[in-house]
Structures are given as C-alpha cells and as structure tokens.
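Now for the letters of each chain:
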Amino acid sequence: MSGGDRPGGGHGLSGGQRPSGGEALVRALADHGVTRAFGIPGTHNLEIYRHLPAYGIEHLAPRHEQAAGYAADAYARVTGLPGVAVTTTGPAVLNIAAAVGQAHSDSVPLLVVSPGMPLRHPRRQTGTLHEMRDQSAALGNIAAFSHRVSSVEEIGSAVARAFTLFRTRRPRPVHIEIPLDLLDTVGPAGAARRAPAAPPHAAAPTAIREAAAALSGALRPGIVLGGGARNAARAGRLVAEALDAAIVTTANGKGIVDEAHPLCAGVALHSPSVQRWLAQRDVVLAVGTELAESDLWGPVPALSGTLVRVDLDPAQMYAGLPAEIPLVGDARDTLTALLPLLERPDHAPTTRGGQEAAELRATRDNETGSRDQRWIPWLAAIRSALPDDAVITSDSAQCCYYGALPHLPITPRGRFLHPTGFGTLGYALPAAIGAKSADPARPVLALSGDGGFQFTVQELATAAQLGHPLPVVVFDNSGYGEIRDEMNARGDTPAAVDHAPVDLPALARAYGGTGAAATSPGDLAALLSTALSTPGPTVITVTEETACPPTPH
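About the cut-offs
- The residue numbering used here restarts from 1 in each chain and proceeds along that chain's sequence as written.
- Under the rules for a predicted model, residues below a pLDDT of 70 receive no local features and side-chain atom pairs below 80 are neither given nor counted, while totals for whole chains, interfaces and linings still include all residues.
- With hydrogens and water excluded, all non-hydrogen atoms of the structure serve as input to the side-chain values.
- Criterion used throughout: strands pair if DSSP finds at least two bridges between them.
- Helix and strand assignments follow DSSP, with helices taken as H or I runs no shorter than four residues and strands as E runs no shorter than two, numbered in order from the N terminus.
- For helices, the axis comes from a line fit to the C-alpha atoms of the stretch in contact; other axes are also lines fit to C-alpha atoms, and the angle between any two N-to-C directions lies between 0 and 180 degrees.
- Contacts are assigned to residue pairs that have any heavy atoms within 4.5 Å of one another.
- Buried Ala, Val, Leu, Ile, Met, Phe, Trp, Tyr and Cys residues that are joined via side-chain atoms within 4.5 Å together make up what is termed a nonpolar core.
- Each residue is placed in one exposure class: buried if its accessible area under a 1.4 Å probe, protein chains only, is under 20% of its type's maximum, exposed if it is over 50%, and partly exposed if it falls in between.
- Stacked, tilted and edge-to-face are the three classes assigned to paired rings of Phe, Tyr and Trp, where Trp is represented by its six-membered ring and a pair needs centres within 6.5 Å; plane angles under 30 degrees give stacked, over 60 edge-to-face, the rest tilted.
- In this analysis the charged atom, NZ for Lys or CZ for Arg, is taken to sit over a ring once it is within 6 Å of the ring centre and within 35 degrees of the ring normal.
- Working note: the arc is built from the helix axis to C-beta atom directions.
- For this document, the term salt bridge refers to a Lys or Arg side-chain nitrogen within 4 Å of an Asp or Glu carboxyl oxygen.
- Lys, Arg, Asp and Glu make up the charged group, whereas Ala, Val, Leu, Ile, Met, Phe, Trp, Tyr, Cys and Pro make up the nonpolar group; the residues left over, Gly among them, are polar.

1. Notes on the sheet that holds strand β1 (residues 36-39)
Then step 1. Spatial strand order, β2-β1-β3-β4-β6-β5: 6 strands in an open sheet with parallel pairing. The open sheet has two free edges, formed respectively by β2 (58-60) and β5 (145-148), since each of these has just one partner strand. Adjacent strand axes in the sheet meet at a mean angle of 25°, parallel and antiparallel pairs treated alike.
Then step 2. Here β1 runs beside strand β3 (residues 83-86); their pairing, made up of 2 bridges, is parallel. Looking at β3, one finds that F38 is bridged to A85.
Then step 3. Where helix α4 (residues 91-105) meets the sheet, it contacts β3 and β4 (110-116), and its direction lies at approximately 155° from that of β4.

2. Considering the nonpolar core
Then step 1. In terms of nonpolar packing, the biggest core is built from 42 residues, with F453 and V539 touching the most fellow members.
Then step 2. Ranked by residues supplied to this core, first place goes to helix α3 (residues 65-79) with 8 residues.
Then step 3. When sequence neighbours within four positions are dropped, the list of residues in contact with V539 reads F453, L460, V472, V474, L504, P505, A508, T514, G515 and A516.
Then step 4. V84, V159, F163 and L165 belong to the second largest nonpolar core, which has 34 residues in total.

3. Here we look at the packing of aromatic side chains
Two aromatic rings are characterised by how far apart their centres lie and by the angle between their planes.
Then step 1. This structure, assessed with the given rule, holds 7 aromatic pairs.
Then step 2. With a centroid separation of 4.9 Å and an interplanar angle of 80°, the aromatic rings of Y401 and Y402 are classed as edge-to-face. Accessibility assignment for this pair places Y401 and Y402 in one class, buried.
Then step 3. Cation over ring: R161 sits above F145, and NZ or CZ is 3.6 Å from the ring centre.

4. Let's talk about helix α19 (residues 481-490)
In an α-helix, one full turn covers 3.6 residues, which means residues spaced three or four apart are oriented alike.
Then step 1. Considered for burial, the residues of α19 that qualify are G481, E482 and R484. Seen from one end, α19 has its buried residues packed into an arc of 160°, which puts them on one side.
Then step 2. Buried residues in α19 make contact with α15 (398-407).
Then step 3. Backbone geometry just downstream of α19 places G491 in the positive-phi region, at approximately 85°.

5. Some thoughts on helix α18 (residues 459-466)
Then step 1. Listed as buried for α18 are E459, L460, A461, T462 and A463.
Then step 2. Phi turns positive one or two residues past the end of α18, at G467, with a value near 85°.

6. Considering the pattern of salt bridges
Then step 1. Counting across every chain of the model gives 16 salt bridges.
Then step 2. Where R77 meets D106, a salt bridge forms, and the shortest distance between an N and an O atom there is 2.9 Å. A residue pair is termed long-range when its members are at least 10 positions apart, and R77 in helix α3 and D106 in the loop between α4 and β4 qualify at 29 residues. For the pair R77 and D106, a shared accessibility class is recorded, and that class is buried.
Then step 3. Across the pair E544 and R374 runs a salt bridge whose closest N-O atoms are separated by 3.4 Å. One end of the pair, E544, is in helix α22 (residues 544-547); the other, R374, is in the loop between α13 (352-372) and α14 (376-385), with 170 residues separating them in the sequence.

7. Remarks on unusual backbone geometry
Then step 1. With phi around 60°, W297 is a residue other than glycine that occupies positive phi space.
Then step 2. Looking at where W297 falls in the secondary structure, it is placed in the loop between α11 (293-296) and β11 (306-311).

8. What to know about the environment of Q373
Then step 1. Within the secondary structure layout, Q373 lies in the loop between α13 and α14.
Then step 2. Remark: the alpha-carbon pair of Q373 and R415, spanning 42 residues in sequence, is separated by 23 Å.

9. Some thoughts on the pairing of strand β18 (residues 537-543)
Then step 1. Among the 7 residues that make up β18, 6 are buried, leaving the element largely enclosed by the rest of the structure.
Then step 2. Inspection of the sheet shows strand β16 (residues 470-476) paired to β18 by 7 bridges, in the parallel sense. Counterpart to V472 in the pairing with β18 is V539.

10. Section: the pairing of β11
Then step 1. Taken across its 6 residues, β11 has 5 buried, putting it largely inside the fold.
Then step 2. Looking at chain direction, β11 and strand β12 (residues 325-328) are connected through 4 bridges and run parallel. Paired with V308 across the strands is I325, a residue of β12.

11. A few points about the sheet that holds β12
Then step 1. If you trace the 6 strands from one edge of the open sheet to the other, you get β9-β8-β7-β10-β11-β12, paired in parallel fashion. What marks the edges here is a single partner per strand, and that holds for β9 (264-267) and β12. Ignoring strand direction, the axes of neighbouring strands in this sheet form an average angle of 15°.
Then step 2. Across 5 bridges, strand β7 (residues 221-225) lies against strand β10 (residues 283-287) in parallel orientation. Bridging from a neighbouring strand, I223 pairs with L285 of β10.
Then step 3. This element, helix α8 (residues 205-216), spans β10, β11 and β12 of the sheet and lies at about 130° to β12.
Then step 4. Of the strands in this sheet, β7, β8 (246-249) and β10 touch helix α10 (residues 272-279), which is tilted by about 125° from β7.

12. A word on the packing of α10 against α13
Then step 1. The interhelical angle for the contact between α10 and α13, taken along N-to-C directions, is 145°, at an axis separation of 8 Å. Only E356, L360, T363, R364 and E367 of α13 make contact with α10, whose side of the interface consists of P272, S273, V274, R276 and W277.
Then step 2. Along the lines of polarity and charge, the residues of the contact of α10 with α13 split into 4 nonpolar, 2 polar and 4 charged.

13. Considerations on the environment of D372
Then step 1. Along the chain, D372 falls in helix α13.
Then step 2. Residue classification places D372 among the buried positions, given a relative accessible area of 1%.
Then step 3. In sequence terms D372 and A404 are 32 residues apart; their C-alpha atoms lie 9.5 Å from each other.
Then step 4. Other than its neighbours up to four places away in sequence, D372 contacts Y402 and H407.

Following this line, the structure appears as structure tokens:
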C-alpha cells in the first residue's frame, strides 16, 4: 500500500517526487506497516510529527522518553510487530537509552528514530541545542546498530535495513539518526525500499535428524523454553509430550506452555534443585534461550549430558553453554520438523515427565516457601480476578521475580512481560500502556513495587488521558526492598533504601485516575474486578506489613 492509499492520502509519492526528510521517514515507516508510534515532540523533530497523520500513523505521547521506549517495547511483545519510538536530539535520546538496553537484552524489535546534529556539524562542540559529541555512537553501543543517514534518499534504505533485521534475524533494537537539516531538506526520495518478507526456516535436515536420534534415545530428557520459543507454543508442548519430558521456562518463556500442564514446572531455573536436575539430564533441549546468568540468577551449571540448542541466532550456539547439536532456525519450524522423527525406544506411555515436573514444582516451592509465601495469597487473588487472556506487565520488584514469575500461573492465551537481563526499573506502568494501546479490549494489569513504580509514576497521566481501564497493583515496602535485604544479608547498615511514605492511591487520583488500598486478598480481588471496567488507571496498593504476615512456627 502506498502513502497515497492511506487515510488523508494526497501525500503519496512516486519515485520522482521530492519529499522532505521528515516525510521520507514517515513514508518509509508506513510502507513497512507501521500504524502506531510512541514519543515526544521536540524542537528538532517537528517535521516528523507533521507527516504522521497523513500516513495513517497514530501517535501516543508518554510523559518521558524512557516510558515511550517501554511502551513501544510492550507493543512489540504483544503484537509481534516492531515497536516504533520517536525522540528528539540529545537528552531525549539518552532518556530512551535504558529502554533500548532492555529491548536488546530481551530480543525485542524496537526502532528508535531521532534527529541528530546537522550533516556538516563541526567535530568540535559549538553550543548547539541538544548537542552531543556523537549521539549515533552512543546508541550504537546499546542497540544492534545505529544508522546515521547522509541524504534524503538514504532514509528509505535505513528503514528497510532495520526491518530486514527484525524479520530475518534475532530481533534487536535499532536506532536511525537523521541529521536535523535533512529533516526539512527536500530531495529525491528514490524508489520505495521495503524489507524482504523472508519466510521462517527450519534448521538443517541433517542436524534435525541428529537431534531427533539423541532425544529419542534419552533416558533423562529435559526441555527449557525461552522467549525465542514464543511462536512455537504448540510444537514445544507436542515435543515434550512425545518425549514425556518435563519443561522449565525462563522468565521470557513464561506461559508459552500452559503452566497448569502436567509436564510444565513453570519458571524454575532460579531454583538450585532445578539446576541440579538440569545438570543431570542426559539430553537437554533448549529452545530460544541463552541459559545465562539472568535466567539462572547465578552461575551457569555445567551439564553432564548433550545440549541441543534451537535458536535463530547462530552466535547463540557458542555463547555460554555451547551446543553439541546446534539447530539454527526458527523455533516453530524446527520443532515441527523434529516432532515426527521422535520415537521412544519402548513406544510405551510413561508418567516420568509429569512426576518430574511435579517434584520440581514442589522442591522449588519448598526452597523459597518462607520468602515467597508473603505474596502467594495476593497473587491467587489477582489470578482469580483476571481472565486467561490478560496481559500482565511486571517490574524489577520482589513481588514480580520472587512472587509472580514462579507463582502466578499463565496460559498461552495470556502474556507476562518482564524486564529480564538488563533488569530496568519502571517498566511495568508504561509497558502496560503500550500493551493496552495495542489492543484496548484486552485486559492489562501492571504489577510493581513502590520503588520501581516511582521511576515512571508520571505515566499515570498518560493512562488517564487514554481513558482505558488499567489496574496497577503496587506492593509497597517503602523503598528498595531487595537492596535493603542484600545490605542486611551482608551485615551492612541499610543506607539510601528507605523512602518516606507516599500516598500512591491519592497520587493516582491527582493524575485523574482512581486509587485504593487493599487490606486483604479478597479485598484485592474485588478492587481488581472493579478496576477492570473503570476508565483510566486504578492504583491498588498492598502495604508490606499487610503482605508479610509473620511466618508461623
């Protein structure tokens, strides 16, 4: 579809027409199917904003560029399409840098576009507004690449380059910088450049046969599903059932297989007993996961058996734990090709995998029961109030990584978006806004602690302006609870981790939303049920004193 076919038409361009750099950018985005962007207008990017409506691209303006990045990240995770964020120069680019780092860590297709200093800007600093020594290099060291264009005609190629990466390789964030003088410059656009719609592909047939033989002959198989297996939910489940093998998932793999399935032990890689189980497998099938410290919350254990890796990224086969049998290809296509070749030697049904998964869940919960019990009744209340297709966005908070990741069950109909690896704070609320903007009819819940929530609390104003129901549950321990605990464990006197009390429900009301404090799990379930149909954000707090009843002796 050309620009002229879009709502507000009239701005479609033929190869011989001469758009401004701003219009060339917007046209290229529209030609790649972009219909929504996140960001904040500024003095240097107004030529971009000028053309968004004519090309059918809706825009959502958070209150901070970091939040724009998180919202675009969540939009990408929920829709499977690249998220697009527009910033201005200098501080705005640095503001979004944390979100770019998170997207890189979690393999999210995020495109950040910004102006940069003029084409012939001198190498020495001149005091130009928002001037940086090398803005493109700064983002290039965080993103997969940063492409600074040198002509209007090159803009279309830069956008096509970004979308080619998104479609054909492991998704990563990309930055495109357009010198601010080019944004207003009228020049030849050239022919439309579109990224190829490369079809997914399976791993090499010889490697698939080798993997099938190893897995079929395994006496103690195990399966790990990561975020790269998101498109292979059915195939992953069928492979596990064919092998009668227990499944554990990473944080990004949460819910790929129904966590109520008998073979699924859920998010459990952080458990020492699960790590010992993994090390004792004679064959491990790892799909779309790094098996890295961020997945295991500590050093990566050595495996005693054969590691079969399925990943779109060839470099992943030799990162961390190297693969004895590398399967480089799309997870769904590779597992689908693998499935008919799997045979158990005795051909007899067993219950081994289900027994192992049940034992893994029990030992995981026993290891952490005294710590995690504080959140479990509240998480059960949340689960009871949410439909299965709800999106839950989380933060780097104790209630999320200790609580919700292992103890809040998700089915493949739902999604749990967690900032893994890079571990940024403040993700939950703007990510919930991005997810809600992707599908306003789908229930979305943000789950956070009070410390991380206040990194992006101003986005309550964005949520209120949108008007969509958006419950936000905040476990309030008056500071940075995890760091406080780590200081205590070291024998240090806690410092700089305690916050003065903030009336977060009142703050929500000040921003135009609703707020309440839950005094019991039943109260939380009732408040959530109301919040799911109340326009705008509803902040529901659970105080740490309420969340942490004394452990019975």
